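A closer look at the structure
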Amino acid sequence: MDMSKIQFSPIKESQVAKEMISRYMQDMLDYVQSDVIIIGAGPAGLAAAYELSKHENLKVALMEASVAPGGGGWVGGQLFSAMVVRKPAQEFLDEIEVSYDDKGDYVVIKHAALYTSTIISKVIKQGVKLFNAVAVEDFIVKNGAVSGVVTNWAAVTRNHGVQSCMDPNVMEARVVISTCGHDGPNGAYGVKRLAQLGLIEKLPGMKALDMNISENEVVEQTKEIFPGMIIAGMEVSEACGTPRMGATFGAMFLSGVKAAQLALKKLGREG
């Protein structure tokens, strides 16, 4: 391309607005009734979305309160860039074609963003609908089961304390997967809300760091914690009292994959 002779094609400003508005509104109409809704587009949520994306005709919505999906998957520990992944989770990296340095019992991705950008791209290309800057405020609970989520623009949700009533919207789902992480005011929101409603027992909270125990237990305890809602990733630690994991990511990937497989089983789509 000769950059000295660039002349963009003409367009009306209203055309740009119409393209964005019409497509987004159509997405909202299409996914207001979904098969699976995943809350949180961090490492576990993205892995769950990828696993579900392998199945045709499965309507999967991925909700992320931040503008940028990825959660803690953009950097390693203390904002260092390398991502450490203990075996056997390197098999998941092989599947999504992310390169790494093999160090024996673990592998190292040279920059965490390589994993996160790759899986985001694959998830979207394979048909999962990402709703970023959209917060889940609550759940729809009917007949003793979670049957959907209550949503709002993240900016509205974060400013509820200083605004008058801003009513939310809703999305129904056959299964909800909550991967809201740990720590912070918005961490582990899914199980915190269930505990607040008295639908599950009081949360034991995450224990002190022990990588060797934590990664195994996070995957083992990935489960349907309440009818209709599966938990994965570090939200498992808050709900089940497993140790803090630290900057190693293998359990995030495999917990997400396991959550997707549990969801597929509930939908009668396993295998």
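**Section: the overall build of the chain**
Per the secondary structure count, the chain includes nine helices and eleven strands. On C-alpha atoms alone, the chain measures out to a radius of gyration of 19 Å, which is about the 18 Å that the 2.2 N^0.38 rule sets for 271 residues. With respect to the three principal axes, the spread of C-alpha positions in the chain is 60 × 50 × 40 Å. Per-residue burial for the chain yields a buried fraction of 45% across its 271 residues. Partitioning the contacts of the chain with sequence separation of at least 6, the portion at a separation of at least 24 is 70%. Total accessible area computed for the chain in this model is approximately 14200 Å², and 53% of it derives from carbon and sulfur atoms. In the chain, which carries 26 positive and 30 negative side-chain charges, the distance between the mean positions of the two groups comes to 3 Å.

**Concerning the pattern of salt bridges**
Enumeration according to the criterion identifies ten salt bridges in this entry. One salt bridge in this structure joins Arg23 and Glu19, with 2.9 Å as the shortest N-O distance. Of this pair, Arg23 and Glu19 both sit in helix H1 (residues 13-31), four residues apart, which is roughly one turn of that helix. Among the ionic pairs, Arg86 bridges to Glu215, the shortest N-O distance being 2.7 Å. Of this pair, Arg86 sits in strand E3 (residues 83-86) while Glu215 sits in helix H7 (residues 211-220), placing them 129 residues apart in sequence. Overall, the relative accessible area of 5% leaves Glu215 in the buried class. Through salt bridges with shared partners, a single network forms among Glu51, Lys54 and Glu95.

**Overview of the sheet that holds strand E5 (residues 106-109)**
Strand order across the open sheet formed by three strands is E3-E5-E4, with antiparallel pairing between neighbours. Edge positions in the sheet fall to E3 and strand E4 (101-102), since each of these pairs with one other strand and no more. Here E3 runs beside E5; their pairing, made up of four bridges, is antiparallel. Among the inter-strand pairings, Val85 is bridged to a residue of E5, identified as Val107.

**Observations concerning a nonpolar patch on the surface**
On the surface, Ile11, Val16, Met20, Ile21 and Met25 cluster together into a nonpolar patch covering about 490 Å² of accessible area. Inspection of the secondary structure puts Met20 in helix H1. A relative accessible area of 57% means that Met20 is categorised as exposed.

**Looking at the packing of helix H2 (residues 43-53) against helix H9 (residues 250-266)**
For the pair H2 and H9, the least separation of the axes is 7 Å and the interaxial angle reads 45°. One way to sum up the angle between H2 and H9 is to call them oblique. Remark: the crossing between H2 and H9 carries right-handed chirality. Between H2 and H9, the residues in contact are Pro43, Ala44, Ala47, Ala48, Glu51 and Leu52 and Met252, Phe253, Gly256, Val257, Ala260, Gln261 and Leu264, respectively.

**Notes on the state of the cysteines**
Counting across every chain of the model gives zero disulfides. Left without a disulfide partner, Cys180 is nearest to the cysteine sulfur of Cys240, which lies 14 Å away. The exposure class assigned to Cys240 is partly exposed, which follows from its relative accessible area of 24%.

**Structural notes on the packing of aromatic side chains**
Taken as a whole, this structure holds six aromatic pairs when the rule is applied. When the ring of Tyr24 is compared with that of Trp153, the centres are 5.9 Å apart and the planes differ by 45°; the resulting orientation is tilted. Remark: Trp153 occurs in strand E8 (residues 145-153) and Tyr24 occurs in helix H1; sequence separation between them is 129 residues. We classify Tyr24 as partly exposed; its relative accessible area is 23%. One aromatic cluster in this structure is built from Tyr24, Tyr31, Phe131 and Trp153.

What counts and what doesn't
Residues numbered from 1 in each chain as written. Predicted model: local features only at pLDDT ≥ 70, side-chain atom pairs only at ≥ 80, totals over all residues. Heavy atoms only, no water. Helix = DSSP H or I, 4+ residues; strand = E, 2+ residues; numbered from the N terminus. Rg over C-alpha atoms; globule rule 2.2 N^0.38 Å. Buried < 20%, exposed > 50% of the residue type's maximum accessible area, 1.4 Å probe, protein only. Contact = heavy atoms within 4.5 Å. Areas by Shrake-Rupley, 256 points an atom, 1.4 Å probe, with all protein chains shown as cover. Lys, Arg positive; Asp, Glu negative; His and termini not counted. Charge placed at Lys NZ, Arg CZ, Asp CG, Glu CD. Salt bridge = Lys/Arg side-chain N within 4 Å of Asp/Glu carboxyl O. Pairing = 2+ DSSP bridges. Patch = residues over 30% accessible without salt bridge, like charges linked within 9 Å, V, L, I, M, F, W, Y side chains within 5 Å. Axes fitted to C-alpha atoms, helices over the stretch in contact; angles between N-to-C directions. Parallel < 35°, antiparallel > 145°, perpendicular 65-115°, else oblique. Left-handed = near helix turned anticlockwise from the far one by under 90°. Disulfide = S-S within 2.5 Å. Phe/Tyr/Trp six-rings, centres within 6.5 Å; stacked < 30°, edge-to-face > 60°.

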